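Reading the structure
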Amino acid sequence: MARDLKPLPKNQSQILQEAFTPYDNTISKTASDTVFSKNRAKEISFKDKKQKDFSVSIKDHDEVIKYYFENTIKPSVIQNGERVMVPIMYGSPERWKTVQSDGALRDKDGKLLTPLIMYKRDTLEKNRSLGNKLDGNKVHNYQLFEQKFNPKNQYDKFSLITNRQPSKEVYMSVIPDYVTLTYSCIIFTDYIEQINPIIEAINFSGDSYWGDFSRFKFRARIDSFSTVTEVTTTDGRAVKSTFNIILNGYIIPDTINKQIANADMYYGTSQLVFNFETTTSDLDTVTATATVVTPGGSTTIFEGGSNISLTILGIELGDATYLAISKPKTASVITQNTALFPLSTFASPPVGSSLPATSKTSFVFYANGVNIPNDYVTSFVDNANNTCTLTINTTGLGYYLTGKEITAIGKFQ
């Protein structure tokens, strides 16, 4: 008897996939064509990466207020002849309600907490006058951060010889939602002469960027401070002043819909560049002279009388000499689809050799240093009058030969 298995719950991506409505119903988009369909080729692992997914949360903005007070403004008061740092506290709903009802905050023993600065977030409003990612489901605007070092570009001599263009490791982040956050703040001290320097220091820091220099910084604006009032209780009193901080921030969420719409990282394409090598020497003068000949065995060939030797096993000397021929020629008369090479004659394999006859496949052709694929070479013939003619299929090649330097390298005499 088969067991009744419990259905697996759907993840957030599947729920969003089913709830998605195509933008244009006339083209009948299927579920696989929506922006929530995954492309595994673009999913690059962050394993062993120091960089993590980039996000800026509301909590980061809340922590900026506390960080800037403690590390930049550093409010303090003189109490009993000693300088005392003013503690900074986030006003949770319970604490803020206590302050509003009692006029001050007390510790667990009922003692007034002074001096003290308390703040809380009131509102978050979207700022539509700044950048926009255009569409939250399919982000069109990105910020790109290029990594200076990429492990795929480790140095080797082959990359240096071939002029390999290094690939780039790029991290992508969506355009943030620019927001304006408003914070309410209250300053508590024992005396008016203690609260005045704190107000002066906070007022001086307005219209500057608050936050950690190595992380996030947001522009803060403080417009006014309330009149200093005295709060009298049965066992003491406190001096209070209130003000608002307007923080211009931005949010990049760490949520599933942002992950789906954003490609976090990609690698740029690399390239191998092989340059066209030339020489100023006359290659027609290079000869091959055999000093040791052993048919069917080892043959040693010295090129041009130099000490560079080539040893070939099991090849006749005549065949080896023919195979070693590789001479360049430049065309003198060029039309749209033909090129005439002067003072050129095909070299032929030795008599009785099993090598194929010289043909167009025995040469490599270039137009301005760019290789012409052999598939587009219609013919290359020896005219028997000390010239050779190259004919090209310009329709398949996509351009004419006119105005270009046409070069052939191969088995010329």
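This brings us to the overall build of the protein chain. In terms of regular secondary structure, the protein chain is built from eight helices and 23 strands. Among the 413 residues that make up the protein chain, the fraction classed as buried is 32%. Contacts spanning at least 24 positions in sequence make up 68% of the contacts within the protein chain whose residues lie at least 6 apart. For the protein chain, the computed accessible surface area is about 26200 Å², with 52% contributed by carbon and sulfur atoms.

With that settled, the discussion passes to the side chain of Asp62. Here Asp62 lies in helix α2 (residues 58-73). For Asp62, a relative accessible area of 12% translates into the label buried. Ignoring any residue separated from it by four or fewer positions in sequence, one finds Asp62 in contact with Tyr90, Tyr119, Arg121 and Tyr183.

This next bit is on the nonpolar core. Counting 30 residues, the largest nonpolar core has Phe69, Ile202, Trp210 and Ile245 as its most contacted members. Among the secondary structure elements, those contributing two or more residues to this core are α2, β4 (116-126), β7 (177-189), α5 (192-204), β9 (217-221) and β11 (236-251). Excluding anything up to four places from it in sequence, Ile202 contacts Phe69, Ile73, Ile117, Ile187, Ile222, Phe225 and Phe243. Ala339, Phe363, Phe380 and Leu390 belong to the second-largest nonpolar core, a separate cluster that totals 18 residues.

What follows deals with α5. With 13 residues, α5 should reach 18 Å at 1.5 Å per residue; the first-to-last C-alpha distance of 19 Å fits that figure. Every buried residue belonging to α5 is among Gln194, Ile195, Ile198, Ile199 and Ile202, and all of these are buried. The arc enclosing the buried residues of α5, seen along the axis, measures out at 125°, which places them on a common side. Away from the buried face of α5 by more than 90 degrees, exposed residues Glu193, Glu200 and Phe204 are located.

One pass over the structure, following the stated rule, counts six salt bridges. For Asp62, the salt bridge goes to Arg121, with nearest N and O atoms at 2.5 Å. On the criterion of sequence distance, the pair formed by Asp62 in helix α2 and Arg121 in strand β4 is long-range, its members being 59 residues apart. Arg121 gets classed as partly exposed once you look at its relative accessible area, which sits at 29%. Asp223 is the salt-bridge partner of Arg221, the closest N and O atoms lying 3.5 Å from each other.

This part takes up the packing of aromatic side chains. Applying the stated criterion across every chain yields a total of 16 aromatic pairs. Taken together, a centroid distance of 6.5 Å and an interplanar angle of 25° make the contact between Phe216 and Phe218 stacked. When its relative accessible area of 13% is taken as the criterion, Phe216 is described as buried. Three or more aromatic residues joined by ring pairs make a cluster, and in this case those are Phe341, Phe346, Phe363, Phe365, Phe380 and Phe412. We note Lys120 situated over the ring of Trp96; from NZ or CZ to the ring centre the distance is 5.2 Å. One cation-aromatic arrangement involves Lys411 over Tyr322; the distance from NZ or CZ to the ring centre is 5.1 Å.

Quick look at the sheet that holds strand β23 (residues 406-410) now. Strands sit in the order β16-β23-β19-β20 across an open sheet of four strands; the sheet is antiparallel. The open sheet is flanked by β16 (327-330) and β20 (370-372), the only strands paired with a single partner. Shown here is a sheet whose adjacent strand axes are inclined to one another by a mean of 30°, direction ignored. The pairing of β16 with β23 spans four bridges and is antiparallel. Bridge pairing in β23 links Thr330 to Thr407.

On to the environment of Met89, then. Looking at where Met89 falls in the secondary structure, it is placed in strand β3 (residues 88-90). Contact partners of Met89, with chain neighbours within four places excluded, come to Arg95, Leu105, Leu116, Ile117, Met118 and Tyr119.

This brings us to the sheet that holds strand β21 (residues 377-382). The four strands lie next to each other as β17-β18-β22-β21, forming an open sheet whose pairing is antiparallel. Each having just a single partner strand, β17 (333-334) and β21 make up the two edges of the open sheet. Of the pairings in the sheet, the one linking strand β18 (residues 338-342) to strand β22 (residues 387-392) comprises five bridges and is antiparallel in character. Residue Leu340 lies in a different strand from β22, and its bridge partner there is Thr389.

The rules behind each value
- Residues numbered from 1 in each chain as written.
- Predicted model: local features only at pLDDT ≥ 70, side-chain atom pairs only at ≥ 80, totals over all residues.
- Heavy atoms only, no water.
- Helix = DSSP H or I, 4+ residues; strand = E, 2+ residues; numbered from the N terminus.
- Buried < 20%, exposed > 50% of the residue type's maximum accessible area, 1.4 Å probe, protein only.
- Contact = heavy atoms within 4.5 Å.
- Areas by Shrake-Rupley, 256 points an atom, 1.4 Å probe, with all protein chains shown as cover.
- Core = buried A, V, L, I, M, F, W, Y, C linked by side-chain atoms within 4.5 Å.
- Expected span 1.5 Å × (residues − 1).
- Arc of directions from axis to C-beta.
- Salt bridge = Lys/Arg side-chain N within 4 Å of Asp/Glu carboxyl O.
- Phe/Tyr/Trp six-rings, centres within 6.5 Å; stacked < 30°, edge-to-face > 60°.
- Lys NZ or Arg CZ within 6 Å of the ring centre and 35° of its normal.
- Pairing = 2+ DSSP bridges.
- Axes fitted to C-alpha atoms, helices over the stretch in contact; angles between N-to-C directions.

Note that every value here comes from positions in space, so none of it alone points to a role or purpose.
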